[in-house]
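# Structure at a glance
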Amino acid sequence: GTAQIGVTGLAVMGRNLARNFARNGFTVAVHNRTAARTRELIEGFGTEGSFVPAESAEEFVAALERPRRLIIMVKAGDPTDAVIEEFAPLLEPGDVIIDGGNAHFADTRRRERELREAGIHFVGVGISGGEEGALHGPSIMPGGSRESYASLGPLLEKIAAKAPDGTPCTTHIGPDGAGHFVKMVHNGIEYADMQLIAEAYHLLREVAGYSPAKIAETFRGWNTGRLDSYLIEITAEVLAHTDAATGQPFVDIVADRAEQKGTGRWTVQIALDLGVPVSGIAEAVFARSLSGHAELRAASRDLPGPTPRPLGDEEAARFADQVEQALYASKIVSYTQGFHQIQAGSDAYDWGIDPGAVASIWRAGCIIRAAFLDRIRAAYDTQPELPSLLSDKQFAEEIGAAQDDWRAVVADTARQGVPAPGFAAALAYYDALRARRLPAALTQGQRDFFGAHTYRRTDRDGSFHTLWGGDRSEERTG
Ligand code: NBP
């Protein structure tokens, strides 16, 4: 075979990824279960580069140079297993199977283990950036063996997005499921970012009384500063858009029920398993589910709320500035939580993930790309063992400068009855981390009272139990 890479699964993602490889000068073998898709690709885009179409699995495998590198780009779940079962028997030790779908990292770990026994490298790759990213340069998060990255990395670096300083947005994340894990957390952070921006919009609308057009303008202003990001940019576009049919602001004619495909939920489920408080991501997932409970919302519509207190023009402008501070501070917290989860996953599975490198490859090609990520990378560059982003001196200073406004906004949301669970959860997390003493001491006392679960003391080692039902003397239990 002559093809340096093969792509099987030619729906929108696979087709665009194959075209990206071909446009970058690689010879690409292409295959799809339904051969019509393969023919469509060749007819539509065959002149963009060097494609080798294959109708059968055997033909596809024969078209690849050795060691073979083949990317599976099919629907995640059972279809991925079906395709692996079809191709694995046709491969040889040293070949590399790459799964570019949105697989759960636990599935990736299982597949990697199974294929390793046959000497085949299985590489789970998180690909962000949707169909445009796949075509023009995505952020690529490959897991799998270091050896497989030696063979695959140069190709991925060629087709990946390039950060503003020219660095390719891909790097070897770590063994087995590390790539898909990091892609999952990326999506979780994306949920949190979107929720915080939505809350900022809602507050400007309901408290400041701004129109969607005015909020679009406000966001465009923010986008020239430290909040400069793809999500703020597209939010301004959406808010400025007018519905052609009604002449209404587009945002007012869209049903207010947010859907989800599941990666945010996975992030929270795994965070619960790892014991990592990702409250910002959790609130974002819950906010989407709450929005979908139509009957519950209808039944609650007449519950009493506070009397609205409209702001004057100057007050509204001042409030908008405070919201910018609250949004920035909350964003620092949600990235702190997301990177904590990455660190915890890395520790639990022995992945050796470099958080600075993760921030670096999110700077372009993915949905959460933002100027802010350069700052996160710099924080980890300065101090690779940084325990938390909040312990970075610069972030700590910035959040310190934002805190008065942040607190004022959270207080206003409560007083004015506009929900902002993301802002509030971020502030609570921040204050909990700052606290010298937490009421967790009392929680331990309660647990010891009803369940003899024991507690530790601040002044002595060991675990203790108080005889609550007896004379309330204390015994040492370990
Ligand atoms: P889809 O997720 O819609 O999957 C369609 C492809 O899967 C077709 O090529 C189809 O073949 C193939 N397929 C199925 Br379904 N079952 C199969 C089976 N049993 N055996 C062989 N092939 C099978 O495609 P997509 O939207 O291009 O996404 C591909 C992957 O990329 C997914 O895992 C997705 O989660 C991930 N992803 C998508 C995006 C995005 O923006 N869409 C972004 C990032 C990642 P057929 O043509 O014969 O039916």
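Conventions and cut-offs
Residues numbered from 1 in each chain as written. Predicted model: local features only at pLDDT ≥ 70, side-chain atom pairs only at ≥ 80, totals over all residues. Heavy atoms only, no water. UniProt positions renumbered as here; feature names shortened; annotations may be inferred. Helix = DSSP H or I, 4+ residues; strand = E, 2+ residues; numbered from the N terminus. Rg over C-alpha atoms; globule rule 2.2 N^0.38 Å. Buried < 20%, exposed > 50% of the residue type's maximum accessible area, 1.4 Å probe, protein only. Contact = heavy atoms within 4.5 Å. Areas by Shrake-Rupley, 256 points an atom, 1.4 Å probe, with all protein chains shown as cover. Lys, Arg positive; Asp, Glu negative; His and termini not counted. Charge placed at Lys NZ, Arg CZ, Asp CG, Glu CD. Expected span 1.5 Å × (residues − 1). Bend = angle between axes of the 7 residues up to and from the residue. Polar contact = N/O pair within 3.5 Å; in protein donor to acceptor, adjacent residues only side chain to side chain. Near = heavy atom within 4 Å. Nonpolar A, V, L, I, M, F, W, Y, C, P; charged D, E, K, R; others polar. 1 Å grid on protein atoms, 1.4 Å probe; cavity = no way out; pocket = protein on both sides within 12 Å on 5 of 7 lines; lining within 4 Å. Points joined across faces, edges and corners; volume = space filled by probe spheres on them. Axes fitted to C-alpha atoms, helices over the stretch in contact; angles between N-to-C directions. Parallel < 35°, antiparallel > 145°, perpendicular 65-115°, else oblique. Pairing = 2+ DSSP bridges.

The protein is annotated in an unreviewed UniProt entry as 6-phosphogluconate dehydrogenase, decarboxylating from Streptomyces formicae. Turning to the protein, the UniProt annotation filed under Sequence similarities (unreviewed entry) states: "Belongs to the 6-phosphogluconate dehydrogenase family." Per UniProt, the protein carries the Subunit (unreviewed entry) text "Homodimer."

Scanning the protein from N- to C-terminus turns up 20 helices and 10 strands. Compactness check: the protein gives a C-alpha radius of gyration of 26 Å against a globular reference of 23 Å for 478 residues, within 12% of the reference. On the principal axes, the C-alpha backbone points of the protein span a range of 75 × 70 × 50 Å. Scored against the burial criterion, the 478 residues of the protein give a buried share of 49%. Counting contacts in the protein only where the partners sit at least 6 residues apart, residues at least 24 apart contribute 66% of the total. Here the protein displays about 22,500 Å² of accessible surface, and carbon together with sulfur accounts for 51% of that area. For the protein, the distance from the average position of its 48 positive side-chain charges to the average position of its 64 negative side-chain charges is 2 Å.

Relative to the elements of secondary structure, T38 occurs in helix 2 (residues 35–45). By relative accessible area, which is 4% here, T38 ends up buried. Setting aside residues no more than four positions away along its own chain, T38 makes contact with L10, V30, H31, N32, P53 and A54.

What follows concerns helix 18 (residues 393–416). Taking 1.5 Å per residue as the helical rise, helix 18 with its 24 residues ought to reach 34 Å, and the 34 Å between its terminal C-alpha atoms agrees with that figure. Considering bend angle alone, the principal kink of helix 18 is centred on Q403 and spans about 50 degrees. Among the residues making up helix 18, those that are buried are F395, I399, A402, D405, W406, V409, V410, D412, T413 and Q416. The N-cap of helix 18, judged by a side-chain oxygen 3.3 Å from the amide nitrogen of Q394 a few residues on, is D392. Positive phi shows up at G417, right after helix 18, with a value of about 70 degrees.

The next subject is the site of the ligand. With respect to spatial proximity, 20 residues lie near the ligand, and among them M13, N32, R33, T34 and R37 are the closest. Between the ligand and the protein, one listed contact pairs an oxygen atom with a side-chain N or O atom of N32 at 2.8 Å. Measuring from an oxygen atom of the ligand, one finds a side-chain N or O atom of R37 at 2.6 Å. Considered on its own, the ligand offers 910 Å² of accessible surface; in the complex 76% of this is hidden by protein. If you tally residues by element for the shell around the ligand, the top one is helix 4 (residues 78–87), at 3 residues. Here the shell around the ligand is composed, by residue class, of 11 nonpolar, 6 polar and 3 charged.

To continue, consider empty space enclosed by the protein. Counted by the stated rule, this structure contains 4 cavities of 30 Å³ or more. Space inside the largest cavity adds up to approximately 80 Å³. Lining the largest cavity are 13 residues; nearest its centre among them are D193, I197, S229, I232 and K331. Along the lines of polarity and charge, the residues of the lining of the largest cavity split into 9 nonpolar, 1 polar and 3 charged.

Attention now goes to the packing of helix 1 (residues 12–23) against helix 7 (residues 146–159). Two numbers describe how helix 1 lies on helix 7: the axes approach to 9 Å, and their chain directions differ by 95 degrees. With respect to their mutual orientation, helix 1 and helix 7 come out roughly perpendicular. Taking contact as the criterion, the partners of L17, N20 and F21 in helix 1 are, on helix 7, L155, L156 and I159. Here the residues of the contact of helix 1 with helix 7 sort into 5 nonpolar, 1 polar and no charged.

A few words on the UniProt feature "domain: 6-phosphogluconate dehydrogenase C-terminal" (unreviewed entry) in the protein. Under the feature "domain: 6-phosphogluconate dehydrogenase C-terminal" (unreviewed entry), the UniProt entry names residues 179–469. Secondary structure across residues 179–469 comprises 66% helix and 2% strand; the distance between its end C-alpha atoms is 52 Å.

Our next topic: the side chain of H31. Its place among the elements puts H31 in strand 2 (residues 27–31). Polar side-chain contacts of H31 include one of 2.7 Å to the side chain of T8. For H31, the residues in contact, after removing those within four places along its chain, are V7, T8, G9, L10, T38, A54, E55, S56, A57, F60 and F87.

The next point concerns the sheet that holds strand 2. Strand order in the open sheet made by the 7 strands is 3-2-1-4-5-6-7, with mixed pairing throughout. Whereas interior strands pair on both sides, the edge strands pair on one side only; in this sheet they are strand 3 (50–53) and strand 7 (139–142). Put simply, the sheet's adjacent strands are angled 25 degrees from each other on average, direction ignored. Sheet analysis places strand 1 (residues 5–8) next to strand 4 (residues 69–72), joined by 3 bridges and oriented parallel. Of the residues in strand 4, the one forming a bridge with T8 is I72.

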